[in-house]
Amino acid sequence: MFNKEYKEISEQPHRDSKSWKAALYIRLSKEDGDKQESYSVTSQREILTEYLKQHHDIEFVDFYIDDGWSGTNFDRPGFKRMMQDIYDGNVNCVIVKDLSRFGRNYTDAGHYLDDVFMRLGVRFIALNNGVDSVSNSMNAATKCITVGVQNVINESVAATTSVNVRGTLNVSRKQGKFIGSFPTYGYLKNPEDHHKLIIDEEAAPVVRMIYNLFISGKSVIGVTKELNKLKIPNPTAYKKAKGWNYKHTSGKNNDGLWCDSTVRRILSNQMYIGNMVQGKNTTVSYKIKQCRAIPKDEWIIVENTHEPIVDKETFDTAQALFNKNTRTAPKKTEVDLFAGFVKCADCHRAMSKKTNKHSYGTYKYYRCVTSRKMDSGACSPHSIRIDKLERAVLVTIQTMIDTALEFDKLSEKIDSRSNSTVQSNLLKKSIEKQIAEREKFKNMMLSLYPDWKSGVITKEEYMVLKEGIAEKINALDKKIDDLQAQINDSENGKPKENDFVAHFKKYGKIKELTRPILTELVDSILVHKDGNITINFKFKDAYEQIIEYIEEEKKNRLEEIA
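Residues numbered from 1 in each chain as written. Predicted model: local features only at pLDDT ≥ 70, side-chain atom pairs only at ≥ 80, totals over all residues. Heavy atoms only, no water.

## Details of the overall build of the protein chain
Point 1. Looking only at helices and strands, the protein chain features 18 helices and 17 strands.
Point 2. The proportion of buried residues among the 562 residues of the protein chain is 41%.
Point 3. A separation of at least 24 residues holds for 68% of the contacts in the protein chain among residues at least 6 apart in sequence.
Point 4. As displayed, the protein chain offers around 32,000 Å² of accessible surface, 51% of which is attributable to carbon and sulfur atoms. (Helix = DSSP H or I, 4+ residues; strand = E, 2+ residues; numbered from the N terminus. Buried < 20%, exposed > 50% of the residue type's maximum accessible area, 1.4 Å probe, protein only. Contact = heavy atoms within 4.5 Å. Areas by Shrake-Rupley, 256 points an atom, 1.4 Å probe, with all protein chains shown as cover.)

## Side note on the sheet that holds strand E13 (residues 352-358)
Point 1. If you trace the three strands from one edge of the open sheet to the other, you get E13-E14-E15, paired in antiparallel fashion. Each edge of the open sheet is held by one strand with a lone partner, namely E13 and strand E15 (383-385). Taking each pair of neighbouring strands and ignoring which way they run, the sheet shows an average axis angle of 35 degrees.
Point 2. Relative to strand E14 (residues 361-367), E13 runs antiparallel, the two being bridged by seven bridges. Its bridge partner being in E14, histidine 358 is matched across the sheet by glycine 361. (Pairing = 2+ DSSP bridges. Axes fitted to C-alpha atoms, helices over the stretch in contact; angles between N-to-C directions.)

## Concerning the environment of lysine 231
Point 1. In this structure, lysine 231 sits in the loop between helix H8 (220-229) and helix H9 (235-241).
Point 2. A relative accessible area of 72% means that lysine 231 is categorised as exposed.
Point 3. Through-space distance from the C-alpha of lysine 231 to that of glycine 256 is 8.9 Å; in sequence the pair is 25 residues apart.

## Things to note about the nonpolar core
It is characteristic of soluble globular proteins that their nonpolar side chains tend to be buried jointly.
Point 1. One finds Phe338, Val393, Ile397 and Val522 to be the most contacted residues of the largest nonpolar core, which totals 37 residues.
Point 2. Where this core is concerned, the elements lending two or more residues are strand E12 (342-344), helix H13 (386-412), helix H16 (499-505), helix H17 (515-521), strand E16 (522-527), strand E17 (533-537) and helix H18 (540-561).
Point 3. By residue number, the principal contributor to this core is H13, which donates 10 residues.
Point 4. In contact with phenylalanine 338, not counting residues within four places along its chain, are Tyr366, Ile386, Leu389, Glu390, Val393, Leu513, Arg515, Leu518 and Ile525.
Point 5. Within the second largest apolar cluster, 34 residues are counted, among which are Ala204, Ile266, Val302 and Phe315. (Core = buried A, V, L, I, M, F, W, Y, C linked by side-chain atoms within 4.5 Å.)

## A look at the confidence of the model for the protein chain
Regions with low pLDDT should not have their predicted coordinates read in detail.
Point 1. In this model, the protein chain carries a mean pLDDT of 78, and residues with pLDDT of at least 70 account for 76%.
Point 2. Note that residues 1-17 has pLDDT below 50 and, in this model, 29 contacts with residues that lie over four places away or in other chains.
Point 3. Across residues 136-167 the pLDDT falls below 50, and counting only partners more than four positions away or on other chains, this stretch makes 45 contacts in the model. (pLDDT = per-residue confidence, 0-100.)

## Concerning the state of the cysteines
Point 1. Overall, the coordinates contain zero disulfides when judged by the stated rule.
Point 2. Cysteine cysteine 347 shares no disulfide, and the gap to the nearest cysteine sulfur, in cysteine 368, comes to 3.6 Å.
Point 3. Cysteine 347 sits in the partly exposed class, given a relative accessible area of 22%. (Disulfide = S-S within 2.5 Å.)

## Considerations on the pattern of salt bridges
Point 1. Counted under the stated rule, the structure contains 17 salt bridges.
Point 2. Across the pair lysine 242 and glutamate 202 runs a salt bridge whose closest N-O atoms are separated by 3.0 Å. Remark: glutamate 202 occurs in the loop between strand E7 (193-199) and helix H7 (204-215) and lysine 242 occurs in the loop between H9 and helix H10 (260-267); sequence separation between them is 40 residues.
Point 3. Salt-bridge contacts for lysine 353 lead to aspartate 336; the nearest nitrogen and oxygen are separated by 3.2 Å. With a gap of 17 residues between them, lysine 353 in strand E13 and aspartate 336 in the loop between helix H11 (312-322) and E12 connect regions that are remote in the sequence. (Salt bridge = Lys/Arg side-chain N within 4 Å of Asp/Glu carboxyl O.)

## Concerning H7
For the α-helix, the turn length of 3.6 residues means that residues three or four positions removed from each other point alike.
Point 1. Relative to the 16 Å expected for 12 residues at 1.5 Å per residue, H7 spans 17 Å between its end C-alpha atoms, a close match to the ideal helical length.
Point 2. Close packing links the buried residues of H7 with E7, H8, H10, H11 and H17.
Point 3. Once H7 ends, the next one or two residues include glycine 217, with phi positive near 130 degrees. (Expected span 1.5 Å × (residues − 1).)

## Some remarks on the sheet that holds E17
Point 1. Across the sheet, which stays open at both edges, the three strands sit in the order E12-E16-E17 with mixed pairing between neighbours. Taken across any chain shown, the strands that pair with only one partner, and hence form the sheet edges, are E12 and E17. Taken pair by pair, the neighbouring strands of this sheet meet at an average axis angle of 30 degrees, ignoring direction.

## Topic: the packing of aromatic side chains
Point 1. Inspection of every chain in the model, using the stated rule, returns 22 aromatic pairs.
Point 2. Aromatic pair phenylalanine 102 and tyrosine 112: ring centres 6.5 Å apart, planes at 80 degrees, arrangement edge-to-face. With a gap of 10 residues between them, phenylalanine 102 in helix H4 (residues 99-102) and tyrosine 112 in helix H5 (residues 106-120) connect regions that are remote in the sequence. In this structure, phenylalanine 102 and tyrosine 112 share a single accessibility class: buried.
Point 3. Taken together, a centroid distance of 6.3 Å and an interplanar angle of 70 degrees make the contact between tyrosine 449 and tyrosine 462 edge-to-face. Of the two residues, tyrosine 449 is situated in helix H14 (residues 416-453) and tyrosine 462 in helix H15 (residues 459-491); the sequence distance between them amounts to 13 residues.
Point 4. Relative accessible area serves as the criterion here: at 42%, tyrosine 449 is assigned to the partly exposed category.
Point 5. Residue class for tyrosine 462 comes out buried when judged on its relative accessible area of 10%.
Point 6. Grouping aromatic residues by their ring pairs yields a cluster made of Tyr25, Phe74, Phe79, Phe102, Tyr112, Phe117 and Phe124. (Phe/Tyr/Trp six-rings, centres within 6.5 Å; stacked < 30°, edge-to-face > 60°.)

## Section: the pairing of E16
Point 1. Among the six residues that make up E16, five are buried, leaving the element largely enclosed by the rest of the structure.
Point 2. With three bridges joining them, E12 and E16 adopt parallel strand pairing. Bridge pairing in E16 links lysine 343 to leucine 526.
Point 3. Connecting the antiparallel pair E16 and E17 is a turn made up of five residues, with glycine 531 showing a positive phi of about 95 degrees.

Right, here's the structure in full:
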């Protein structure tokens with residue numbers, strides 16, 4: 001890191017002058033505890049000025065001030081300007097209040113004091129430490145020891161302070177307090193409490209538009225192009241237009257245009273559903289200010305700390321789409337209708353879209369390419385024409401919508417108390433199924449250990465299977481808790497509408513498929529070897545509750561007639 005400085009130093013003649021031209025250097029940092037000291041920039045200026053009044057052999061050149069800069073690195077504007085004046089021969093004396101003002105990094109401070117300044121003949125004075133590099137009252141060995149020990153102490157203070165500051169900030173993060181300099185795009189700091197966020201009514205509609213465009217079928221690139229087409233400034237340009245002193249972490253010049261990485265960050269940021277997400281990045285150390293990413297599982301996330309910009313359902317839908325293969329052709333901005341949904345029923349890999357041209361016409365189809373990319377035994381050929389697939393999925397969804405509408409009509413015929421009882425009974429039956437499923441996985445977990453010990457499975461297989469089963473049990477526990485909460489609401493006269501009914505009935509009598517309909521209702525579509533398909537719908541548990549209830553109603557009616 002010092003090569004450039006050595007080159008510049010070697011080109012300078014050694015100065016041995018009795019005419020001292022002084023740079024008065026001042027530094028103040030909010031991070032290293034200086035707030036607790038009585039010295040501010042103003043008081044440092046007064047102390048250094050008073051010293052000059054008493055030493056007429058030293059000529060004042062200029063003040064070099066770094067206000068709000070850490071002493072653990074030397075990449076400070078005031079310090080760099082002072083060093084340039086030293087290299088140019090305009091300064092040959094540096095005066096500071098004490099060594100900690102010069103710097104808190106022992107290695108770098110020693111480099112400048114013991115090497116650079118010595119080679120250039122620069123006099124160094126630290127008033128409170130009694131250091132003067134040309135003073136006859138202190139021999140060279142004593143000066144070296146004094147400065148070295150003090151620099152080590154200063155660095156130790158910086159290290160301790162850094163740990164304390166990080167600890168304090170993490171406590172605030174865990175309390176859900178916002179501690180950043182600039183809020184996430186779409187939010188503003190609450191003027192009454194800067195640790196809280198409020199919605200920025202100017203930027204929030206842009207965030208909602210990004211989610212709506214993505215869910216409706218636009219690719220990430222397509223969303224990006226749409227934003228740029230509408231000449232909407234990107235987050236960095238927006239913050240600068242607001243007059244904020246904002247600098248992008250990349251350090252690159254910003255042209256105001258959106259890029260796909262920014263759109264992806266917005267589409268995956270939990271801040272927009274009201275969760276405070278912090279601690280995503282940190283510096284390497286108190287010496288090295290280079291930023292590094294923290295693993296996602298170590299982020300500090302506190303739920304429901306501020307008003308959401310998008311609802312959780314919209315957010316979850318966007319996350320589900322991220323997990324699907326939704327690549328588009330280079331010149332396309334719209335995602336294909338079935339992109340990311342169609343998979344082979346045997347190998348469960350995403351199927352590829354192909355075009356077949358014949359003399360009698362052209363048609364598109366999906367094909368499993370596993371056997372072609374891997375060995376022939378990996379999977380057998382599966383394919384389905386897209387036009388046939390679309391008709392089959394449309395008819396199936398229409399049937400599901402009819403089921404939802406049928407149950408909705410039944411619900412209207414039941415008074416609110418009876419309806420609450422029906423809802424409660426359906427939920428209780430669903431809980432019983434989840435508990436039975438949970439017991440099944442618990443028994444599987446118990447049988448794993450003997451299998452490992454008896455050599456039926458390896459330790460690695462045991463660990464993988466154990467982790468997988470534990471995840472399923474945790475998911476079932478969460479589902480059971482959610483169902484129990486719904487039962488409590490239902491019995492208290494606040495029944496929640498069945499998820500299946502709520503999502504399907506709103507589409508009424510649809511005549512064609514759209515990307516938003518698929519995204520909201522369908523999880524995946526499996527294509528079998530014989531060309532048949534299996535559609536895995538969302539809200540499976542809620543659907544089973546409805547079917548069971550309808551079957552019971554039909555049975556009761558038949559019994560009444562009989």
